[in-house]
Amino acid sequence: MGVVPRLLKFVFPYWPRIIVAWLCVFGSAGFVLAIPRIVGEAVDMAVQSRAEQAGAGFGWDDLRPLLIAAGLVVAAAVLRGLFAYGQTYLGEWISQRAAYDIRNRIYDRLQRLSFAYHDRAQTGQIMSRATQDVEGVRMFINMGVLRLMYVVVLLAVAVALMISENWRLALVSFSFFPVIAGVSIFMTMRLRPLWLRIQDEQGRLGTVLQENLTGMRVVKAFGREDSESKKFAKEAKTLFQDSFASNRIQAVNTPLLTGLWMLDVAATMWFGGYEAIHGRLSPGDLTQFVLYLYLLQLPVRSLGWIVNLFARAQSSGQRIFEILDAESAVKEKPDAVELKDITGHVRFENVSFSYDAISAVLKGIDIDAKPGQMVALLGPTGSGKSTVVNLLPRFYDVTDGRITIDGIDIRDVTLASLRRNIGVVQQDVFLFNDTIRANIAYGAVDATQEQIERAAKAARIHDFIMSLPDGYDTWVGERGVTLSGGQKQRVAIARTLLVDPKILIFDDSTSSVDTETEYLIQQALQELMKGRTTFVIAQRLRTVKRADQILVLKDGRIVERGRHEDLLALGGHYRQIYDLELRDQEEALARLARPAGALDTAPAAGG
């Protein structure tokens, strides 16, 4: 289906207002066209009156036609203004409402697209489509659809009236119309590729700006301010050059069209005067012609602009429908069932996964996590740990095999019910620019203050929150910028715990906290994990030693599985990870547990 017809589908629900708007269009055009006729008749009446009273002084009989015409013109202008107000108001309402619906559809679609789409999408481009492209569609609906009707009615009726008055003079007047319309359309065709590039460049500029503001701390840490400024300036310069080029074309277009129109008026006046001298045209008819000509100036010159609105709507609509038509890699079945009253028995059965058709990220993964068990995932960077836990809530879908919860394939249940039963603390903690209370209660907006505080205490963040001047009403800033990494981690843990899920996923959730804070969190989690199946991507020895299963991944496969002591005895991959990353933690814990003074007294006894 064409882009423009699909865009018009957003207007169809408001057809009663569209009909009223078109009635206003006809009314406005009718009274605009009545004014030249009234003025022309008044001129003829005045001329005739003076001819009949040749030599007499200027009296009431001469003034009466002009006063009547003036009154009629004022009445027509008032009525035209009322209809024009209705046309403008309804046109703006309909276009704004359609834009509102499109924006909501875009946002709703973005919410439902899987991680696979957002991994590839550029934030700046998406924002450009949701703002500037939607605005282009709004202008098309308001000006291109409703205004086009006004232009067509005005042009058709005025041309018919002019031909009926004097077809010879009409042909002279119309002889310039194709040239003026052709110039307008030609200029628009030259402008269209520039405007398309400008739209794309605005999206790229937004992407650069968004990345720079988001990564401002990295920029400053590496002293890359000058480099980032040059990058932004390069994109801004490209946008400036194309914007300036389009303005330069328009600067030529406007005076050229004005000049051509003045030539048309001059030709009409010359030939009209010739016709009047020979008695084939009255002074009033000539006045009507000139006034009709001025009325037609805007419609004829608007043809190129309307063509541009259609062209812009075509390109903007295409960019919008790229989002609305995007297929999510994760789809919910029409007959999906609610997942409820689960015990938390999770199984990965020969699961494989790849982001593309070339290379597999996971191969033949088998996991059997009993209710209440903790499963720790270890392995080098890129081994597939995060991918394993991202498959469970269906952020991505498995390529082969299946994942079940209590024997039910997760692809057979609704996404909402699946994710209600799984609590996730992701590696990249994201907090909204809101209060601490709102961030903790994000997944349970109806939670009471007591429940929020209980979750905060379990995450060992309550005391810190109460030390703040505004307590739970403290704003955390964009992305939680006012909090430290460990504080953000604990707020995120509290947010997850408040949902009270049967399955927990901690994706490196304590990697940003110090040993003491991590110890406090682990104490709280140890009690809270009872009765919940927990998957942990852990870098802390305490977590690993408490796990019911340790899964060691390498190159997308599980190469070892078991408990801490058993895997150490194997002397394989886990032993290497232990020696490189975990042994220091165990020695540090042993030193902390050793009685004070033991290191000093032992050598003395030996001596």
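Residues numbered from 1 in each chain as written. Predicted model: local features only at pLDDT ≥ 70, side-chain atom pairs only at ≥ 80, totals over all residues. Heavy atoms only, no water.

Draft legend 1. Inspection of the environment of Val25 at higher detail. Relative to the assigned elements, Val25 resides in helix α2 (residues 15-52). Residue Val25 is classed as buried on the basis of its relative accessible area, which comes to 0%. C-alpha separation for the pair Val25 and Leu148, spaced 123 residues apart in sequence, amounts to 9.8 Å. Residues contacting Val25, with those up to four places away along its chain left out, are Gln87, Leu146, Met149 and Tyr150. (Helix = DSSP H or I, 4+ residues; strand = E, 2+ residues; numbered from the N terminus. Buried < 20%, exposed > 50% of the residue type's maximum accessible area, 1.4 Å probe, protein only. Contact = heavy atoms within 4.5 Å.)

Draft legend 2. Focus on the packing of helix α6 (residues 167-174) against helix α9 (residues 225-277). As a packed pair, α6 and α9 sit with axes 9 Å apart at the nearest point and diverge in direction by 165 degrees. In terms of axis orientation, α6 runs roughly antiparallel to α9. Remark: the crossing between α6 and α9 carries right-handed chirality. Here α6 contributes Arg168, Leu169, Val172 and Ser173 to the contact with α9, which in turn contributes Asp264, Ala267, Thr268, Phe271, Gly272 and Glu275. Across the contact of α6 with α9, the residue classes tally to 4 nonpolar, 3 polar and 3 charged. (Axes fitted to C-alpha atoms, helices over the stretch in contact; angles between N-to-C directions. Parallel < 35°, antiparallel > 145°, perpendicular 65-115°, else oblique. Left-handed = near helix turned anticlockwise from the far one by under 90°. Nonpolar A, V, L, I, M, F, W, Y, C, P; charged D, E, K, R; others polar.)

Draft legend 3. How the structure looks around the pattern of salt bridges. Evaluation of the coordinates by the stated rule reveals 26 salt bridges. The network of salt bridges with shared partners includes Arg37, Glu41 and Glu165. (Salt bridge = Lys/Arg side-chain N within 4 Å of Asp/Glu carboxyl O.)

Draft legend 4. Geometry of the side chain of Thr474. Locating Thr474 in the fold gives a position in the loop between α15 (462-467) and α16 (485-499). Within the local environment of Thr474, its side chain forms a polar contact with the backbone oxygen of Gly471, the two atoms lying 2.8 Å apart. (Polar contact = N/O pair within 3.5 Å; in protein donor to acceptor, adjacent residues only side chain to side chain.)

Draft legend 5. How the structure looks around the pairing of strand β4 (residues 400-405). Note: strand β1 (residues 346-353) against β4, 5 bridges, orientation antiparallel. Bridging from a neighbouring strand, Val346 pairs with Ile405 of β4. As paired elements, β4 and strand β5 (residues 408-409) share 2 bridges and run antiparallel to each other. Each bridged residue has a counterpart across the sheet, and for Thr404 the counterpart in β5 is Asp409. In textbook terms, the turn of a hairpin is the stretch between consecutive antiparallel strands, and for β4 and β5 this stretch comprises 2 residues, one of which, Asp406, has a positive phi near 55 degrees. (Pairing = 2+ DSSP bridges.)

Draft legend 6. Representation of helix α14 (residues 449-458) within the structure. What α14 keeps buried is the set Ile452, Ala455, Ala456 and Ala458. The buried residues of α14 occupy an angular sector of 160 degrees when projected down its axis, which confines them to one face. At the exit of α14 stands Arg460, carrying a positive phi of roughly 60 degrees. (Arc of directions from axis to C-beta.)

Draft legend 7. Summary view of the packing of α14 against α16. Following both chains from N to C, one finds α14 and α16 inclined at 125 degrees, their axes separated by 8 Å at the closest point. The angle between α14 and α16 places the two elements in the oblique class. In the packing of α14 onto α16, the handedness of the crossing is right-handed. Judged by residue contacts, Gln451, Ile452, Ala455, Ala456 and Ala458 of α14 engage Ala494, Leu497 and Leu498 from α16. Of the residues that constitute the contact of α14 with α16, the class distribution is 7 nonpolar, 1 polar and no charged.

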